[in-house]
Every structure is written in structure tokens, then in C-alpha cells.
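Structural features, examined
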Amino acid sequence: MAERETKISARNVDVFYGEKHAIRNLSIDIPDRAVSAFIGPSGCGKSTFLRAINRMNDTIASARVTGGIAVDGEDIYDSAIDVVQLRARVGMVFQKPNPFPKSIFENVAYGPRIHGLARNKTDLEEIVVSSLKKAGLFEEVKDRLDHPGTGLSGGQQQRLCIARAIAVNPEVILMDEPCSALDPIATARIEELIDELRQNYCIVIVTHSMQQAARVSQLTAFFHLGTLVEYGDTDEMFTAPQEKRTQDYITGRFG
Ligand code: ADP
Ligand code: MG
């Protein structure tokens with residue numbers, strides 16, 4: 001695999017929810033312009049670690065993160081970091097599509113507006129259209145941008161959420177089981193989109209589906225009981241994993 005620049009670098013990260021130790025001494029270097037998949041049995045800490053990458057755990061009162069996480073070498077837990085700005089740089093797409101109860105246009109325009117990314121109405125329209133295009137949704141919605149985002153199908157809503165993330169110029173897109181509420185056709189459409197987006201973004205996707213990890217990712221990280229067991233080339237992970245625990249999981253011996 002070609003050398004890629006590191007985008008996200010985590011060192012000795014621990015995450016606690018009160019007494020619960022959810023992530024243990026995790027270190028990883030995640031490259032830019034590639035899709036990394038996080039796999040592992042339910043409850044092993046995939047979502048917890050994903051949320052640590054854009055400080056989404058800050059919103060959970062009992063959560064405490066120690067260790068270091070840097071994006072482009074910049075410590076994101078530094079007190080000088082503007083968390084709103086960080087979450088624009090490191091966008092997130094959730095399991096259940098969660099468009100705002102507003103029009104399709106407004107769903108995408110909201111972020112650029114609050115971040116002051118458009119100088120005028122024309123600028124804003126351009127950002128909305130290009131974001132919808134990048135999310136592969138524009139053709140389907142161009143005649144009804146003023147209709148509610150919540151009226152779209154599940155798969156379209158998820159692409160709308162991806163357009164909303166893209167609209168604020170992210171560098172990283174975190175996706176937590178983005179297809180788990182979607183049918184196979186909508187899932188295939190999102191997977192194609194992820195494959196296109198990796199040209200321009202660092203993408204991290206949590207998935208409970210090993211098939212999906214194999215289809216969409218170049219790198220796979222296997223989590224077990226709060227630890228990162230191994231992280232490497234997806235093809236190698238599924239054919240010749242380094243660790244017995246990974247082997248057992250991918251061959252269906254547990255999980
Ligand atoms: P995964 O995404 O791999 O299924 P999670 O990151 O959601 O795993 O959870 C890891 C562990 O942390 C689990 O034991 C889970 O019960 C616990 N956990 C997750 N979220 C919270 C929370 N908000 N409060 C307390 N414990 C939590
Ligand atoms: Mg999860």
C-alpha cells in the first residue's frame with residue numbers, strides 16, 4: 001500500500017464513563033485520504049473512540065478522556081481549541097439519519113451560515129449545490145430544495161447528513177454505522193459515495209458488518225474489550241490477521 005500522510009494520531013488514549021473503563025491505552029495513526037473501518041463486537045468501544053476524535057464525548061457528563069489525540073499534529077484536547085470549529089473540521093454522521101426539521105436547502109446551508117463561509121446568497125447557494133453534488137444527492141432533490149429534509153427516504157436523508165457535514169469543509173468524516181438503518185440498495189449507494197469521498201477526506205467508519213469493512217475500507221482496526229487489537233491493511237486483516245483474537249472474530253468464533 002502506498003504511503004499516506006497521517007491525519008489523526010492518538011497516543012495512549014483512555015476513556016472512562018465514571019468508573020467504567022471503555023477505552024484502554026489506545027494508540028493509532030490514521031492516514032489521510034483513505035477509509036479506515038473500526039470493527040469488533042458490540043460494546044468494545046468503537047463508538048467511544050470515534051467520539052473521542054471530535055470531542056463528542058464532551059457532551060456526555062460522565063465521560064473522561066486522557067492521553068493525546070492530534071489532527072494534523074494539533075492537539076484537539078488543548079484548552080485553546082474551539083470545539084465548534086473542531087467539529088466542522090472533523091464532521092460526524094450518525095447511525096440514524098438526523099436531518100434538522102427544516103428544508104433540504106436549510107439543512108445544508110445551516111453550517112456554512114453559522115461558520116460564516118458564504119459572503120452572500122449566491123455564495124451560499126453555490127456551497128449548498130456543490131455539497132449536495134458531492135454527496136450524490138443533488139439530481140434527486142434539485143427540484144425540491146425547499147421541501148423538508150425529513151420527507152426524504154432514509155438513504156437520501158443519510159446522504160443529506162453527509163452533504164451537511166461536507167458543507168463546512170471538513171478534513172475528516174467520522175461515520176458511526178451509517179448504513180445500519182438503511183436497506184441494501186441505499187447501503188450500496190452510501191458505500192459508493194464513501195469510496196468517492198476518500199479521494200478528498202480522511203474517513204473513519206464504524207461498522208458491525210465485516211463484509212462492509214471489506215468492501216469500503218483500505219485499513220481496518222479490530223477492537224476488543226476496549227483495546228485496539230490490531231490495525232492494518234484491510235485485505236491482510238481479512239486474510240492473514242496478526243492476532244489470534246482477530247482471527248477468531250473474523251471467522252465467527254465470537255462476537
Ligand atoms: P461499540 O460502539 O463498540 O458497541 P461503545 O463505545 O458504545 O461500544 O461502548 C463501549 C463501552 O462503554 C460499553 O461497555 C458501553 O456500555 C459503555 N458506554 C458507552 N456509552 C456510555 C455512556 N454514555 N455511559 C456509560 N457507559 C457507556
Ligand atoms: Mg457503537
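Anyway, here's the lowdown on the structure attached to this text. Keep in mind the model is a prediction, meaning the values are calculated, not measured. (Residues numbered from 1 in each chain as written. Chains lettered and ligands numbered in written order. Predicted model: local features only at pLDDT ≥ 70, side-chain atom pairs only at ≥ 80, totals over all residues. Heavy atoms only, no water.)

Below, the discussion takes up the pattern of salt bridges. Applying the stated criterion to the full structure yields 16 salt bridges. Of the charged contacts in the structure, one is a salt bridge between Asp32 and Arg33, with a shortest N-O distance of 3.9 Å. Here Arg33 falls in the partly exposed class, since its relative accessible area comes to 43%. Among the salt bridges present, the one from Arg159 reaches Glu140, with a minimum N-O distance of 2.8 Å. Of this pair, Arg159 sits in helix H6 (residues 154–166) while Glu140 sits in helix H5 (residues 138–141), and the two are 19 residues apart along the sequence. Among the residues examined, Glu140 registers a relative accessible area of 34% and is labelled partly exposed. Each of Lys7, Asp72, Glu74, Arg89 and Glu171 takes part in salt bridges that share partners, so that together they form one network. (Salt bridge = Lys/Arg side-chain N within 4 Å of Asp/Glu carboxyl O. Buried < 20%, exposed > 50% of the residue type's maximum accessible area, 1.4 Å probe, protein only. Helix = DSSP H or I, 4+ residues; strand = E, 2+ residues; numbered from the N terminus.)

All chains considered together, the criterion is met by 0 disulfides. Cys179 takes part in no disulfide bond, and the closest cysteine sulfur to it belongs to Cys161, at a distance of 12 Å. Owing to a relative accessible area of 7%, Cys179 belongs among the buried residues under this scheme. Free of any disulfide, Cys202 has its nearest cysteine sulfur in Cys179, 18 Å distant. What makes Cys202 buried here is its relative accessible area of 0%. (Disulfide = S-S within 2.5 Å.)

Next up on the list: the sheet that holds strand E10 (residues 227–233). Here 6 strands make up an open sheet; going across it, the order is E6-E7-E8-E3-E9-E10 and the pairing mixed. Only two strands of the sheet have a single neighbouring strand rather than two, namely strand E6 (90–93) and E10. Each neighbouring strand pair of the sheet contributes to a mean axis angle of 20°, computed without reference to strand direction. Across the sheet, helix H7 (residues 184–197) is in contact with strand E3 (35–39), strand E7 (172–176) and strand E8 (202–206); its angle to E8 comes to roughly 150°. (Pairing = 2+ DSSP bridges. Axes fitted to C-alpha atoms, helices over the stretch in contact; angles between N-to-C directions. Contact = heavy atoms within 4.5 Å.)

Time to look at the sheet that holds strand E4 (residues 63–71). A sheet is described by the order of its strands in space; here 4 strands give the open sequence E2-E1-E4-E5, paired in antiparallel fashion. Looking at the sheet topology across the chains shown, the edges are occupied by strand E2 (20–31) and strand E5 (74–75). Bridging between strand E1 (residues 6–17) and E2 involves 8 bridges; their strand directions are antiparallel. When the sheet's bridge partners are listed, Thr6 is paired in E2 with Pro31.

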